[in-house]
Amino acid sequence: MSTAQAHDFATAATPLSEPRPEIAVRLDGVLKRFGDSIALQKVSLKIHEGEFITLLGPSGCGKTTLLNLIAGFAEADTGEIFIDNQLVTDTPPYQREIGIVFQNYALFPHMSVTKNVGYGLRMRGVPKAEINERVAQALELVKLHGYGERKPSELSGGQQQRVALARALVIRPKVLLLDEPFSALDKNLRLSMQIELKEIQRKLGVTTVFVTHDQSEALSMSDRVVVMSAGHIRQIGDPDTIYRRPEDPFVASFVGDVNILPGRYMSHDDQATLEISGNSLRLPKERVQAKVGDRLDIHVRPENIQLDNLGPHSLLSATVVAHAFQGDHVDIHLHVPSLGDSRLFVRQSGLNSLRRWPVGAVAGLTFDDEGVCAFTAADQT
Ligand code: ATP
């Protein structure tokens, strides 16, 4: 897929019969340079009103830069940004009506919680009585009723982040921007904050752009996920599509765990026929992004590999080399002699699989179609 095509499908997935969603934020061909390096490469993106969209990608791929451009903290070199259908090139940050939550909370340390939350309203000259009422409502929303007189230093990390969220929401922003807001919190707190944020976002219907490099956070929270790498958008889609129908090898391996095995694209009729270790594997054609004859990297999700006794139906023969017990599941690591040094791992739930497949056991492997896709081998492209 060309870059231009890749950038233009933000709304293409909407069926024609449904009303077209309102666009809250639109980026058209936005390019941002820092010196000689390009942080964002002509990015185009339409964010629907009321949706929760997540920018997902590795460190340095341009997520924060994109957020800063929407907020008005940085200026695009080329391209245009629209908020609520208004071109905002010349609109300063405080007039864009945007709420922002940063990773490090960025609260004013000398101000009480109430003063922190009311800051944006005071700056906008809102009358005092209305400020008091709206701050109280915002603190109620983030479950900090009764904490108004405390200073940020008297709060836990999770509570400070709730204050930051209340401060961003109290101005009734057109768009809420969140830059890795939970990354400083421990795992349990992060999970409960994710659920709370989703509830609040749904209740208010506020358009939300969330930045993270954590795939499970992106998949669990978002209406749509924008996968980025090196300043490009690689794929936009709902979480299920991003996970099960990745359009390129980067998305397949960045979003979720995957085994990559060598194969070849032999032929196709109504389905594609691939060769793996002398056996043939049939797949829906749309799962194969390659030409007949290409060597392939075949991507298989670990939960989509079945272990059974070795038999005529087995696609591959493998030997168990290690287990990694994870509490709710176990990863069984296998060596596949017919694929040279290839190792792969299979994810199984339940402790029975530990007993059934001890180290040294020989198993036959088959793949569920659902979790398999193939791309032209990386060393051939
Ligand atoms: P992280 O997850 O680490 O925050 P990111 O995806 O948000 O990364 P950005 O912070 O947007 O990435 O950075 C994109 C690229 O632009 C990086 O190569 C970064 O080094 C560069 N960059 C960002 N801000 C500046 C700046 N102010 N000056 C120079 N280079 C910058």
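Residues numbered from 1 in each chain as written. Predicted model: local features only at pLDDT ≥ 70, side-chain atom pairs only at ≥ 80, totals over all residues. Heavy atoms only, no water.

K.L.:
Looking at this model, I keep getting lost on the sheet that holds strand β2 (residues 37-48). Mind explaining?
P.N.:
In any sheet, the strands associate via hydrogen bonds between backbone groups, in a parallel or an antiparallel arrangement. Read across the open sheet, the four strands follow the order β2-β1-β4-β5; overall the sheet is antiparallel. This sheet does not close on itself; its edge strands, each paired only once, are β2 and β5 (86-87). Taken together, the five bridges between strand β1 (residues 23-34) and strand β4 (residues 78-83) define a ladder with antiparallel strand orientation. Its bridge partner lying in β4, Val-25 is registered against Ile-83. (Pairing = 2+ DSSP bridges. Helix = DSSP H or I, 4+ residues; strand = E, 2+ residues; numbered from the N terminus.)

K.L.:
When you look at the environment of Arg-282 in this model, what are you seeing that I'm missing?
P.N.:
Looking at the element boundaries, Arg-282 is found in strand β13 (residues 279-284). Among the residues examined, Arg-282 registers a relative accessible area of 33% and is labelled partly exposed. Along the chain, Arg-282 and Ser-267 lie 15 residues apart, while their C-alpha atoms are 9.9 Å from each other. With sequence-adjacent residues up to four places away left out, Arg-282 is seen in contact with Asp-269, Asp-270, Gln-271, Ala-272, Thr-273 and Asp-369. Separated by 2.9 Å, the side chains of Arg-282 and Thr-273 make a polar contact. (Buried < 20%, exposed > 50% of the residue type's maximum accessible area, 1.4 Å probe, protein only. Contact = heavy atoms within 4.5 Å. Polar contact = N/O pair within 3.5 Å; in protein donor to acceptor, adjacent residues only side chain to side chain.)

K.L.:
Which parts of the structure should I look at to understand the packing of aromatic side chains?
P.N.:
Geometry of an aromatic ring pair is reported as the spacing of the ring centres plus the angle between the planes. Counted according to the given criterion, the structure contains four aromatic pairs. Pairing Phe-52 with Phe-210 gives two aromatic rings, centres 5.6 Å apart and planes at 40°, and the pair type is tilted. Here the residue Phe-52 occupies a position in strand β3 (residues 52-56), and Phe-210 occupies one in strand β8 (residues 207-212), the gap between them amounting to 158 residues. By relative accessible area, Phe-52 is classed as buried at 0%. (Phe/Tyr/Trp six-rings, centres within 6.5 Å; stacked < 30°, edge-to-face > 60°.)

K.L.:
Is there a simple way to think about the nonpolar core in this case?
P.N.:
The nonpolar side chains of a soluble globular protein tend to be buried, and buried together. Ranked by internal contacts, the top residues of the largest apolar core, which has 32 residues, are Val-117, Leu-165, Leu-176 and Leu-197. By residue number, the principal contributor to this core is helix α5 (residues 157-169), which donates six residues. With 31 residues, the next largest nonpolar core counts Leu-261, Leu-296, Ala-363 and Val-372 among its residues. (Core = buried A, V, L, I, M, F, W, Y, C linked by side-chain atoms within 4.5 Å.)

K.L.:
Where do I start with the site of the ligand in this structure?
P.N.:
In the vicinity of the ligand, the contacting residues are Phe-34, Ala-39, Pro-58, Ser-59, Gly-60, Cys-61, Gly-62, Lys-63, Thr-64, Thr-65 and Glu-180. Residue Cys-61 places a main-chain N or O atom 3.1 Å away from an oxygen atom belonging to the ligand. Contact between the ligand and Gly-62: an oxygen atom at 3.0 Å from a main-chain N or O atom of the residue. When the free accessible area of the ligand is taken as 630 Å², the share hidden by the protein chains comes to 55%. Ranked by residue count, the leading element in the shell around the ligand is helix α2 (residues 63-71), at three residues. Of the residues belonging to the shell around the ligand, the class tally is four nonpolar, five polar and two charged. (Near = heavy atom within 4 Å. Areas by Shrake-Rupley, 256 points an atom, 1.4 Å probe, with all protein chains shown as cover. Nonpolar A, V, L, I, M, F, W, Y, C, P; charged D, E, K, R; others polar.)

K.L.:
Before we go on, may I ask you to explain the sheet that holds β8 in this structure?
P.N.:
As summarised here, the arrangement of the six strands in space is β6-β7-β8-β3-β9-β10, forming an open sheet in which the pairing is mixed. Edge positions in the sheet fall to β6 (98-101) and β10 (232-237), since each of these pairs with one other strand and no more. On average, each strand axis in the sheet is inclined to that of its neighbour by 20°, with strand direction left out of account. When strand β7 (residues 175-179) meets β8, the two strands line up parallel, connected through five bridges. In the strand pairing of β8, Leu-176 is matched with Thr-208. Seen against the sheet, α2 touches β3, β6, β7, β8 and β9 (224-229) and runs at an angle of roughly 150° to β7. (Axes fitted to C-alpha atoms, helices over the stretch in contact; angles between N-to-C directions.)

K.L.:
How should unusual backbone geometry be read in this particular structure?
P.N.:
Among all residues except glycine, the phi angle is most often negative; among peptide bonds, the trans geometry is most common. Backbone geometry at Lys-42 places phi at a positive 45°, although glycine is not the residue there. Tracing the backbone through its elements, the reader meets Lys-42 in strand β2.

K.L.:
Explain the environment of Gln-289 to me, please; I cannot follow it from the model alone.
P.N.:
On the secondary structure map, Gln-289 appears in strand β14 (residues 288-289). Overall, Gln-289 belongs to the partly exposed group, its relative accessible area being 40%. Apart from residues lying up to four places away in sequence, Gln-289 is in contact with Glu-247, Ala-374, Phe-375 and Thr-376.

K.L.:
Whenever I open this one, the packing of helix α3 (residues 113-123) against helix α4 (residues 128-141) confuses me. Can you help?
P.N.:
Angle between the axes and distance between the axes: these two values describe a pair of packed helices. For the pair α3 and α4, the least separation of the axes is 9 Å and the interaxial angle reads 125°. Viewed along their axes, α3 and α4 adopt a mutual orientation that is oblique. α4 is crossed by α3, and the crossing has right-handed handedness. Residues Val-113, Thr-114, Val-117, Gly-118, Leu-121 and Arg-122 of α3 form the contact with α4, whose participating residues are Ile-131, Arg-134, Val-135, Ala-138 and Leu-139. Across the contact of α3 with α4, the residue classes tally to seven nonpolar, two polar and two charged. (Parallel < 35°, antiparallel > 145°, perpendicular 65-115°, else oblique. Left-handed = near helix turned anticlockwise from the far one by under 90°.)

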